[in-house]
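Working through the structure, step by step
Residues per chain are reported as follows:
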Amino acid sequence: MLLDGLSFDLLLSIALIALATAALRARDLFKSIVIFMLFGLLVAIAWVRVHAPDLALAEAAIGSGITGALFLGALNRIERKRKGAASGRLENPVNGSTSGAWAVLLTLVLTGLLAMAVLSGWSYSGGLADEALSRIDESGVVNPVTAVILNFRAYDTLLEIGVLLLAVLGVYAVCEGQTMRDLRRRDRSKVLETFVHLLSPMVVLTAGYLVWVGYKEPGGAFQAGALLGGAGVVLLLSGRELPLHTARTVVRIILGGGFLVFLLAGLLVMKDRAFLEYPRASAKHIILIIELACTVSIGAILTVLFSGCANLLAAPSEEEGP
Amino acid sequence: MSTSLIYALTGIAIAGLGLFHYLSQRNILRKVLAGNFIGTGIFLFLVSSADRQADGSIDPVPHALVLTGIVVAVSATALLLALLCRYHDETGSLTLDEEDDE
């Protein structure tokens, strides 16, 4: 065979390290960000190679898609402001601070120690796999990753949705009172319009499928939510004015809904068991309800996060958005 | 040399690259980008460590940690970038003032 698994892994690893170096060293920030997005796509392939298809789905949508869009949105906004102030294009010295030697030393020591630890005892097979896999029947789902996220370690996930909400609150607070950039007329093209018309329903359908299939195969609330968030970003970029301001009650309900449903589900089972310890018979349904609510919330949260960075957070207007 | 070992070392290398640039860059946007590379490197390392059982079974706990970690990383990035944009709006600068440090 011309290209076996290990040579592919080596090639991919070299490509990943080369792309990381290129992104971090490029003088032009725009170039850095585009290389970062390409890096995200290749990382998604790496996830498949280490048997993590759940992560590949999330990484393809978030790592290369939404994070890249966030950076491009922020860069665009900063350069726009720079142009107003006539201070020219954004080029930066790659470093030049006096802490360079310390940075090299610290990095070498840390990575060296980590690499030594890995090389000395990699074949050790400990971990929590046995505990998780032997009790998978009690979780109500078949996909072990979903079982860990929404049942065995549901407490972590609940707090993590809380972290997302906090980030959204932070973005709202930081972006308060800024004038919104108007994309509506300038960037509208027939091709983009048609594309968005065709894409949006497909994304919603795919997200619904990912949530549903998550109980037995790769998928779930985070992957589906990331997809919805991506659709939100595309809608915003195509000039739709999404009603994202917290003055609308419906926006607050959608953003907080995932956390609220999760919390309520955890509390309601507490009549005769511990917090978030679902009864075995109804665990599957409880998990599905939580996942559906979280999917919508995560999608909305990611859209708001992008709109904050790209200066597209719309103040409430009189007429309803599309 | 196994697949998981290759990706674990790659993850360490990427995290190291990210850490070095995080420490040495002065532009905050570049620091945030470097921080994302540190995160991805650590995720890669962590998930590789879930794929080293002798019987080929996968430890789902690191997968779950990293899946939530990816989403938390993107929200933290968004908050940092929003703060940075506001900072730039107010001061016109993309670096923290270093005159006091030197």
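Scroll up to find the structure.
To keep things clear, this report deals only with the structure shown in the data block. These figures come from a predicted structure and were not determined experimentally. (Residues numbered from 1 in each chain as written. Chains lettered and ligands numbered in written order. Predicted model: local features only at pLDDT ≥ 70, side-chain atom pairs only at ≥ 80, totals over all residues. Heavy atoms only, no water.)

**Thoughts on the interface of chain B and chain A**
Facing the 71 residues of chain B at the interface are 91 residues of chain A. Together, the buried faces of chain B and chain A total about 7,300 Å²; carbon and sulfur atoms form 76% of this surface. Here chain B and chain A share two salt bridges between them. The residue Asp89 of chain B makes a salt bridge to Lys81 of chain A at a minimum N-O spacing of 4.0 Å. Here chain B and chain A share 13 residue pairs in polar contact (both at pLDDT 80 or more) between them. (Contact = heavy atoms within 4.5 Å. Buried area = accessible area lost by both parts, 1.4 Å probe. Salt bridge = Lys/Arg side-chain N within 4 Å of Asp/Glu carboxyl O. Polar contact = N/O pair within 3.5 Å; in protein donor to acceptor, adjacent residues only side chain to side chain.)

**Some words on the nonpolar core**
Ranked by internal contacts, the top residues of the largest apolar core, which has 101 residues, are Trp47, Leu255, Phe262 and Tyr278 of chain A together with Phe37 and Leu81 of chain B. In terms of residue count, helix α11 (residues 283–309) of chain A provides more of this core than any other element does, 13 residues in total. Each of domain 1 (1–123) and domain 2 (128–322) of chain A accounts for three or more of the residues forming this core. Apart from residues lying up to four places away in sequence, Leu81 of chain B is in contact with Leu70, Phe71, Ala74 and Cys309 of chain A together with Leu29 and Val32 of chain B. Within the second largest apolar cluster, five residues are counted, among which are Val118 of chain A together with Leu5, Ala8 and Ile12 of chain B. (Core = buried A, V, L, I, M, F, W, Y, C linked by side-chain atoms within 4.5 Å. Buried < 20%, exposed > 50% of the residue type's maximum accessible area, 1.4 Å probe, protein only. Helix = DSSP H or I, 4+ residues; strand = E, 2+ residues; numbered from the N terminus. Domains from an automatic or database assignment.)

**Some details on the state of the cysteines**
According to the stated counting rule, one finds zero disulfides over all chains in the structure shown. Of all cysteine sulfurs, the one in Cys85 of chain B lies closest to Cys309 of chain A, which takes part in no disulfide; the gap is 6.0 Å. Residue classification places Cys309 of chain A among the buried residues on the basis of a relative accessible area of 0%. (Disulfide = S-S within 2.5 Å.)

**A short note on the packing of helix α1 (residues 5–25) of chain A against helix α2 (residues 28–49) of chain B**
Viewed as axis vectors pointing N to C, α1 of chain A and α2 of chain B meet at an angle of 165°, and their least axial separation amounts to 10 Å. Taken together, the axis directions place α1 of chain A and α2 of chain B in an arrangement best described as roughly antiparallel. The handedness of the crossing between α1 of chain A and α2 of chain B comes out as left-handed. The residues of α2 of chain B that touch α1 of chain A, namely those facing Leu16, Ala20, Ala23 and Leu24 of chain A, are Arg30, Leu33, Ala34, Phe37 and Leu44 of chain B. Here the residues of the contact of α1 of chain A with α2 of chain B are counted per class, giving eight nonpolar, no polar and one charged. (Axes fitted to C-alpha atoms, helices over the stretch in contact; angles between N-to-C directions. Parallel < 35°, antiparallel > 145°, perpendicular 65-115°, else oblique. Left-handed = near helix turned anticlockwise from the far one by under 90°. Nonpolar A, V, L, I, M, F, W, Y, C, P; charged D, E, K, R; others polar.)

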